[in-house]
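Structural overview
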Amino acid sequence: MVRLYDSLSGTVRELRLRDPGRVSIYVCGPTVYDFPHLGHGRFTLVWDALRRWLSYTGLEVTYVSNITDIDDNIIARANRDGRTEAEVAGEYEDHWWKAMAAIGVARPTHTPHATEFVAAMVETISSLILRNIAYRTSDGVYFDVSRVADYGLLAGQPLESLRAGARVEMVLEKRSPLDFAVWKNAKAGEPSWPAPFGDGRPGWHTECVVMSLDLLGPGFDLHCGGMDLRFPHHENERAQASALDLPFAQHWAHNGWVMVGGDKMSKSLGNFTSLTDMLAQTDSRAYRLLVLRSHYRSPIEVTPTTVADAERSLERFDAMARRFDVPVHRSENFARSRELNWSEETLALLDRVGALLENDFDTPQAIATLFEALTVANAAADGGEMDRGRALAHAIGSLLAGLGLALRGEEKADIDGETALLVRERDEARAGKNWSEADRLRDELVARGWKVEDGSAGTIIRR
RNA sequence: GGCGGCGUGGCCGAGCGGUUAGGCAGGGGCCUGCAAAGCCCCGUAGUCCGGUUCGACUCCGGACGCCGCCUCCA
């Protein structure tokens, strides 16, 4: 059974499932008003890898991740660009999915848009008002945090201490600086929806609690997001569910930051790199390997250096895939791999990596183990034990695929006639021990962008 | 001010009270016509100061430094 750190209890504990064999996961998605940056890339890769792994082990995963398509930032952007909010949201949502596809993040089971759930949000807010937990002011409806007994649990601080440090601008009509807007009254020119308590639009914290409960039902298993969502966003989601006596997420998981020279990458610091830009110049799989190589709760440095580093180490796995002709695993799973790889050695590898991942998703140890196994596989093959090497390589490829990392095996590169001729000439030169001519032809091929290796059957080229 | 985290070899980055993390880069060797790929060997790191212990990078205390959350933020 998978054990994961739970931010609410502060301990690594078993991820208990509401329905045996099925996992329900909600991950807070993006607000679409700008290009995705590396931080978005990390959280989507981390939770996508977890999702894939759980699925690989045989669980049926329902994975929900929202798109926030109405909020202050979108309105600001629309005003600045002289466009409608829907146009802005639509454009950046397109960029979002393109980037997700590029880094190999699987489409969530459901991708709810906030604007599609406003009616349900209005109902929730009405209930809160009815219970006297939310109250109306001149600019909207606010949630009274003092009405939730354990408010501050996710923040790890009691209400009083949070209140003391509150940096929120005090709005006169708010009862506490920590009270948050569940509804914002309509302003001229802004999109709005009808509601008995006044036309307007929903607050961010209400969106996620409504959509997660609506699609996954009460008491769903796991709620994930970046560390900064822990408070106040997740705390406020919890508070609303709690105020309405609805069982909420049973387990909370938060991923660490992308760091830039020691600082958190963030919009407000302006030190972010667009995910789209980075993908344009690197093998997108390198970012996944970089993410998996460190623990999901640790901060990671993402710089051209660390990405290039990951790219080179990825090349070793790809070389293995070529050498042993590892198939691209698509619908692979753990049980099937155990059946296929029934040597003692490969079973041990599968089980060891499985055990590591079940221990708070210890991907760095898992990856290290796979690198070690890679060396063993190559050494075995070098020593003449080709079958042994191949069995290990296939197990490695399957496990990596289980984490969403597809190896690049033998590619059927398009070799034009001219290049093919150079290869043939080089093989002839080598056969005739005409080394200077063979080297000249190799240089020629390299100049044309090919990587050249001498195999037992002659010159091997690839891009 | 409150709460939390971090400080590891050239770089990235882990687990662990005593036994090799791993990757990248670098050096030496094997293989190769030469390369490439692959294999083998190598640097024996843990901010500082105390303490606990037979033994600490790993536990405790302190100092210094850095970061995050308490405001929109993945």
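Small disclaimer: the values here were computed from a predicted structure and weren't measured.

As for the sheet that holds strand β13 (residues 300–301)
The strands making up a sheet associate through backbone hydrogen bonding, with each pair oriented either parallel or antiparallel. The three strands are arranged β12-β11-β13 in an open sheet whose pairing can be described as mixed. Strands at the two margins of the open sheet, each flanked by one partner only, are β12 (263–264) and β13. Relative to β12, strand β11 (residues 258–260) runs antiparallel, the two being bridged by two bridges. Across the sheet, residue Val260 finds its bridge partner in β12, namely Asp263.

Section: the protein's contact with RNA strand B
Around RNA strand B lies a shell of 63 residues, among which Arg167, Trp204, Gly226, Gln365 and Arg442 are the nearest. When the atoms of RNA strand B within 4 Å of the protein are sorted by group, sugar and phosphate make up 66%. Interatomic distance of 3.4 Å between a backbone N/O atom of Gly39 and a base nitrogen of RNA strand B. A distance of 3.4 Å is found between a sugar or linking oxygen of RNA strand B and a side-chain nitrogen or oxygen belonging to Trp257. Of the residues forming the surface near RNA strand B, the biggest block, nine residues, is contributed by helix α13 (residues 363–382). Its residues assigned to classes, the surface near RNA strand B shows 22 nonpolar, 23 polar and 18 charged.

Quick notes on the side chain of Asp144
Inspection of the secondary structure assignment puts Asp144 in the loop between β6 (140–143) and α5 (159–165). Engagement of the side chain of Asp144 in a polar contact is seen with the side chain of Arg175, the distance being 3.5 Å. If we ignore the near neighbours within four places in the chain, the residues touching Asp144 are Ile133, Tyr135, Arg175 and Asp179.

Overview of helix α7 (residues 230–243)
Helical periodicity: at 3.6 residues per turn, an α-helix aligns residues three or four positions apart in one direction. In a regular helix each residue adds 1.5 Å, so 14 residues correspond to 20 Å; α7 covers 18 Å between its end C-alpha atoms and thus fits that length. The element α7 is extensively covered by neighbouring structure, given that 10 of its 14 residues are classed as buried. Turning to α7, its buried residues number three or more, namely His233, His234, Glu235, Asn236, Glu237, Arg238, Ala239, Gln240, Ala241 and Ala243. Among the structural elements, α4 (118–130), β6, β7 (180–185), α6 (204–216), β9 (222–226) and β10 (251–255) are those in contact with the buried residues of α7.

Side note on the packing of aromatic side chains
Applying the stated criterion across every chain, the model contains 13 aromatic pairs. Judged by centre distance (5.9 Å) and plane angle (70°), the rings of Tyr56 and Phe334 are edge-to-face. Residue Tyr56 is located in helix α1 (residues 38–56), and its partner Phe334 is located in helix α11 (residues 334–340); the two are separated by 278 residues in the primary sequence. We note that Tyr56, like Phe334, is buried.

Here's the deal with the pattern of salt bridges
Counting across every chain of the model gives 40 salt bridges. Here Arg448 and Glu444 are joined by a salt bridge, their closest N and O atoms 3.1 Å apart. When salt bridges with common partners are traced through the structure, they connect Asp34, Arg77, Arg80, Asp81, Arg83, Glu91 and Lys267 into a single cluster.

Here we look at the nonpolar core
Residues Ile25, Trp47, Tyr287, Leu349, Phe361, Ile396 and Leu399 are the most contacted members of the largest nonpolar core, which totals 83 residues. Here this core takes 10 residues from α1, the largest share from any one element. For this core, the two domains that each supply at least three residues are domain 1 (3–264) and domain 2 (282–401). Contact partners of Leu399, with chain neighbours within four places excluded, come to Trp53, Tyr56, Phe334, Leu349, Leu350, Val353 and Leu370. The next biggest cluster of nonpolar side chains, apart from the first, holds 22 residues, and it includes Val122, Leu128, Tyr151 and Phe180.

Description of the sheet that holds strand β3 (residues 22–27)
Strand order in the open sheet formed by four strands is β4-β3-β9-β10, with parallel pairing between adjacent strands. Here the strands that pair on one side only, and so sit at the sheet edges, are β4 (60–65) and β10. Pairs of neighbouring strands in the sheet enclose a mean axial angle of 20°, with direction left out of account. The strands touched by α6 within the sheet are β3 and β4, with β3 carrying the most contacts at an inclination of about 160°.

Brief notes about empty space enclosed by the protein
Under the defined criterion, the tally for this structure stands at three cavities of 30 Å³ or more. In this structure, the largest cavity spans a volume of roughly 80 Å³. Forming the boundary of the largest cavity are 13 residues, of which Thr44, Ser65, Trp96, Val105 and Pro108 lie nearest the centre. Elements represented by at least two residues in the lining of the largest cavity include exactly α1, β4 and α3 (85–102). When its residues are assigned to classes, the lining of the largest cavity shows 10 nonpolar, three polar and no charged.

Topic: the confidence of the model for chain A
The pLDDT averaged across chain A works out to 92; a share of 98% of its residues lies at or above 70. Predicted complex, confidence summary: ipTM 0.94, pTM 0.95.

Thresholds applied
- Just so you know, the residues in each chain are numbered from 1, in the order the chain's sequence is written.
- Each chain gets a letter, beginning with A, and each ligand a number, beginning with 1, in the order they are written.
- Where local features are concerned, this predicted model is filtered to residues with pLDDT of at least 70; where side-chain atom pairs are given and counted, the filter is 80 or more; whole-chain, interface and lining totals use all residues.
- The side-chain numbers reported here are obtained from all heavy atoms of the structure, hydrogens and water having been left aside.
- Here the rule is simple: two strands pair whenever DSSP picks up at least two bridges between them.
- Secondary structure elements follow DSSP: runs of H or I no shorter than four residues count as helices, runs of E no shorter than two count as strands, and numbering proceeds from the N terminus.
- Throughout, near means a residue has at least one heavy atom within 4 Å of the molecule or strand.
- Nitrogen and oxygen atoms within 3.5 Å of one another constitute a polar contact, given that in protein one can donate a hydrogen and the other can accept it, and given that sequence-neighbouring residues count only through two side-chain atoms.
- The residue classification treats Ala, Val, Leu, Ile, Met, Phe, Trp, Tyr, Cys and Pro as nonpolar and Asp, Glu, Lys and Arg as charged. All others, Gly included, are polar.
- Only heavy atoms enter the contact rule, under which two residues are in contact if any of them lie within 4.5 Å.
- The length a helix should cover is 1.5 Å for every residue beyond the first.
- We call a residue buried when its accessible area falls under 20% of the maximum for its residue type, exposed when it is over 50%, and partly exposed in between, using a 1.4 Å probe and counting protein chains only.
- When two rings of Phe, Tyr or Trp (its six-membered ring) have centres within 6.5 Å they constitute a pair, described as stacked for plane angles under 30 degrees, edge-to-face for angles over 60, and tilted for the intermediate range.
- The salt bridge definition used is simple: a Lys or Arg side-chain nitrogen within 4 Å of an Asp or Glu carboxyl oxygen.
- Here, the term nonpolar core denotes a set of buried Ala, Val, Leu, Ile, Met, Phe, Trp, Tyr and Cys residues that are joined through side-chain atoms within 4.5 Å.
- The domain limits used here are those given by an automatic or database domain assignment.
- Think of each axis as a best-fit line through the C-alpha atoms, taken over the contacting stretch in the case of a helix, with angles from 0 to 180 degrees between the N-to-C directions.
- Using a 1 Å grid laid over the protein atoms alone, points where a 1.4 Å probe fits but cannot get out form a cavity; open sets with protein on both sides within 12 Å along at least 5 of 7 lines form a pocket; any residue with an atom within 4 Å of a point counts as lining.
- Grid points are joined across faces, edges and corners, and a volume is the space filled by probe spheres set on the points.
- pLDDT expresses how confident the predictor is about each individual residue, on a scale running from 0 to 100.

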